[in-house]
Amino acid sequence: MASPKKQRIDPATVSASAAKKKGGRPGPRPPKAPKIAKATARDWISGARIQTLPLAFAPVALGTAAAYVLPHEEDGTGWHWARALLCLIVAVSLQIGVNFANDYSDGVRGTDDHRVGPRRLTASGAARPRTVITVAFVWFGIAAIAGLIIVVRSGHWWMLAVGAAAIIAAYFYTGGKRPYGYLGLGEVFVFIFFGLVATAGTTFVLAGTVNLESWLAAVAVGLFAVATLMVNNIRDIAQDKIAGKRTLAVRMGNLPSRIFYVVAMLVPFGILGVYSLLYFNAYLVNFVLLVALPACVIVLTAKTPAELILALRLTGLTALLFGLGLAAAIVF
């Protein structure tokens, strides 16, 4: 029996035939990548992380109050509204600047790729990295200009070095080749610059010296700043481990970090006891425990990121109410 004649297959013919069956196209189009919405004004405001701004207001309020009860080297009480306002501009601008710099650095490193909180401008692609870091440096520039005016008005030129150190530390928290925020040293930075320097520095530029009230307030506000950073990092422990970001929360572990947060939140109220011996109305500031204690309970028991975000907001509110309340008790 003769075998059937072998038929040669032309690949071009097969391709054309297959394409014809599918409507003349070589195959289905690949799915389009989801379109990323460009950053809106609301996104930029969110990127400034408004919930952290109490860390700028509280130290300036307390530093100003401490200066108010001191005799000034030139003309009476240590109250210079223009210098106080400039101190506030420096503190707020540095806080916003470091927030945008953090957004940029964590975004380009890929650290924020798996974060569980609100979306970040850089990591989400809503804004170009160059735009985000430019905005950060604009805020650093505002802080530098306000700081320079303070130095000129006060005549303390050595404070230029302090201001430069603050800006450098703000950038290298997550920026540069070896950011110290990735080594578990972020809490040290916020305690020094958003606690000691911001509070005692405000008192110094207003009154030319720093008193006990200012140093005690600086420690208290610095601890609130530490607690704010800690609760934020507790939320991101799992993601930071994956990204290689060795924050203090990652190094300490989940439960010890939560206990550390509670200690940082409550020690300032122990410091408040010292103020109660010096100022009659200072004990009234203990009402802020109505906000601080729920935050501590939430952090100790939280199981979801949403709970820790709520605790973060309560932490900022605690710092603001404590700072404004104690400042009022000192002045009045």
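Residues numbered from 1 in each chain as written. Predicted model: local features only at pLDDT ≥ 70, side-chain atom pairs only at ≥ 80, totals over all residues. Heavy atoms only, no water.

### Some words on the packing of aromatic side chains
In step 1: Within the structure shown, the criterion is met by 14 aromatic pairs.
In step 2: Note on Trp44 and Phe100: the rings are 5.8 Å apart at their centroids and 50 degrees apart in plane angle, and the pair reads as tilted. Residue Trp44 is found in helix 2 (residues 41–47), and its partner Phe100 is found in helix 4 (residues 81–109); the two are separated by 56 residues along the sequence.
In step 3: Its relative accessible area of 23% is what places Trp44 among the partly exposed residues.
In step 4: An angle of 75 degrees between the planes, with centres 5.8 Å apart, marks the rings of Phe137 and Phe140 as edge-to-face. Here Phe140 and Phe137 lie together in helix 6 (residues 129–154), a separation of three residues that amounts to about one turn.
In step 5: Connected via pairs of aromatic rings, a cluster forms that spans Tyr173, Tyr180, Phe189, Phe193 and Phe194. (Phe/Tyr/Trp six-rings, centres within 6.5 Å; stacked < 30°, edge-to-face > 60°. Helix = DSSP H or I, 4+ residues; strand = E, 2+ residues; numbered from the N terminus. Buried < 20%, exposed > 50% of the residue type's maximum accessible area, 1.4 Å probe, protein only.)

### Points about the nonpolar core
In step 1: Ranked by size, the top nonpolar core spans 90 residues in total, and within it Phe189, Tyr261, Met265, Leu272, Tyr275, Phe322 and Leu326 carry the most contacts.
In step 2: Top contributing element to this core by residue count: helix 9 (residues 212–235), with 12 residues.
In step 3: If we skip the residues at most four places from it in the chain, Phe322 touches Ala220, Phe224, Pro268, Phe269, Leu272, Val285 and Val288. (Core = buried A, V, L, I, M, F, W, Y, C linked by side-chain atoms within 4.5 Å. Contact = heavy atoms within 4.5 Å.)

### Overview of helix 3 (residues 54–68)
In step 1: Counted at 1.5 Å a residue, the expected span for helix 3 with its 15 residues is 21 Å, and the 21 Å between its end C-alpha atoms agrees.
In step 2: Counting buried positions over the 15 residues of helix 3 gives 13, a clear majority of the element. (Expected span 1.5 Å × (residues − 1).)

### Considering the environment of Ala292
In step 1: With respect to the helices and strands, Ala292 occurs in helix 13 (residues 289–301).
In step 2: For Ala292, the contacting residues outside a window of four places in its chain are Met265, Phe269 and Thr318.

### Focus on helix 4
In step 1: A rise of 1.5 Å per residue sets the reference length of helix 4, with its 29 residues, at 42 Å; its end C-alpha atoms lie 42 Å apart and thus fit the reference within 8%.
In step 2: Following helix 4 by one or two positions, Gly110 adopts a phi angle in the positive range, close to 90 degrees.

### What to know about empty space enclosed by the protein
A water-sized probe rolled over the atoms picks out the places where empty space is left.
In step 1: The final tally for this structure, using the stated rule, is one cavity of 30 Å³ or more.
In step 2: Volume-wise, the largest cavity comes out at about 30 Å³.
In step 3: Taken together, Leu94, Ala166, Ala170, Phe189, Phe193 and Phe194 make up the lining of the largest cavity.
In step 4: Within the residue set of the lining of the largest cavity, elements represented by two or more residues are helix 7 (159–171) and helix 8 (186–207).
In step 5: In terms of residue count, the dominant contributor to the lining of the largest cavity is helix 8 (three residues).
In step 6: Residue composition of the lining of the largest cavity, grouped by class: six nonpolar, no polar and no charged. (1 Å grid on protein atoms, 1.4 Å probe; cavity = no way out; pocket = protein on both sides within 12 Å on 5 of 7 lines; lining within 4 Å. Points joined across faces, edges and corners; volume = space filled by probe spheres on them. Nonpolar A, V, L, I, M, F, W, Y, C, P; charged D, E, K, R; others polar.)

### Examining unusual backbone geometry
Residues other than glycine predominantly adopt negative phi, and peptide bonds predominantly adopt the trans conformation.
In step 1: Phi at Arg49 is positive, roughly 55 degrees, even though this residue is not glycine.
In step 2: With respect to the secondary-structure elements, Arg49 resides in the loop between helix 2 and helix 3.

### Section: the packing of helix 4 against helix 6
In step 1: Running from N to C, helix 4 and helix 6 point in directions that differ by 155 degrees, and their axes come no closer than 8 Å. In terms of their interaxial angle, helix 4 and helix 6 are classed as roughly antiparallel. You can see that helix 4 and helix 6 cross each other, and the crossing is left-handed.
In step 2: When the residues that make up the contact of helix 4 with helix 6 are grouped by side-chain class, the tally is 24 nonpolar, four polar and three charged. (Axes fitted to C-alpha atoms, helices over the stretch in contact; angles between N-to-C directions. Parallel < 35°, antiparallel > 145°, perpendicular 65-115°, else oblique. Left-handed = near helix turned anticlockwise from the far one by under 90°.)

### A short note on the side chain of Thr199
In step 1: On the secondary structure map, Thr199 appears in helix 8.
In step 2: Take Thr199: its relative accessible area is 0%, and that puts it in the buried class.

### Describing the side chain of Asn102
In step 1: Position of Asn102 among the secondary structure elements: in helix 4.
In step 2: At 3.3 Å, the side chain of Asn102 forms a polar contact with the side chain of Thr174. (Polar contact = N/O pair within 3.5 Å; in protein donor to acceptor, adjacent residues only side chain to side chain.)

### Regarding the pattern of salt bridges
A side chain with one charge can pair with a side chain of the opposite charge if their charged atoms come near.
In step 1: This model, assessed by the stated rule, comprises two salt bridges.
In step 2: Of the charged contacts in the structure, one is a salt bridge between Asp106 and Lys245, with a shortest N-O distance of 3.1 Å. Here the residue Asp106 occupies a position in helix 4, and Lys245 occupies one in the loop between helix 10 (237–243) and helix 11 (248–252), the gap between them amounting to 139 residues.
In step 3: For Asp106, a relative accessible area of 3% translates into the label buried.
In step 4: In this structure Lys245 comes out as buried when scored by relative accessible area, which is 4%.
In step 5: Between Asp236 and Arg235 there is a salt bridge; the shortest N-O distance is 3.1 Å. (Salt bridge = Lys/Arg side-chain N within 4 Å of Asp/Glu carboxyl O.)

### Quick notes on the packing of helix 9 against helix 14 (residues 305–331)
In step 1: The interhelical angle for the contact between helix 9 and helix 14, taken along N-to-C directions, is 170 degrees, at an axis separation of 9 Å. Between helix 9 and helix 14, the angle falls in the class roughly antiparallel. On helix 14, the residues that touch Ala220, Phe224, Ala227, Thr228, Val231, Asn232, Ile234 and Arg235 of helix 9 are Pro305, Leu308, Ile309, Ala311, Leu312, Thr315, Thr318, Ala319 and Phe322.
In step 2: Of the residues belonging to the contact of helix 9 with helix 14, the class tally is 12 nonpolar, four polar and one charged.

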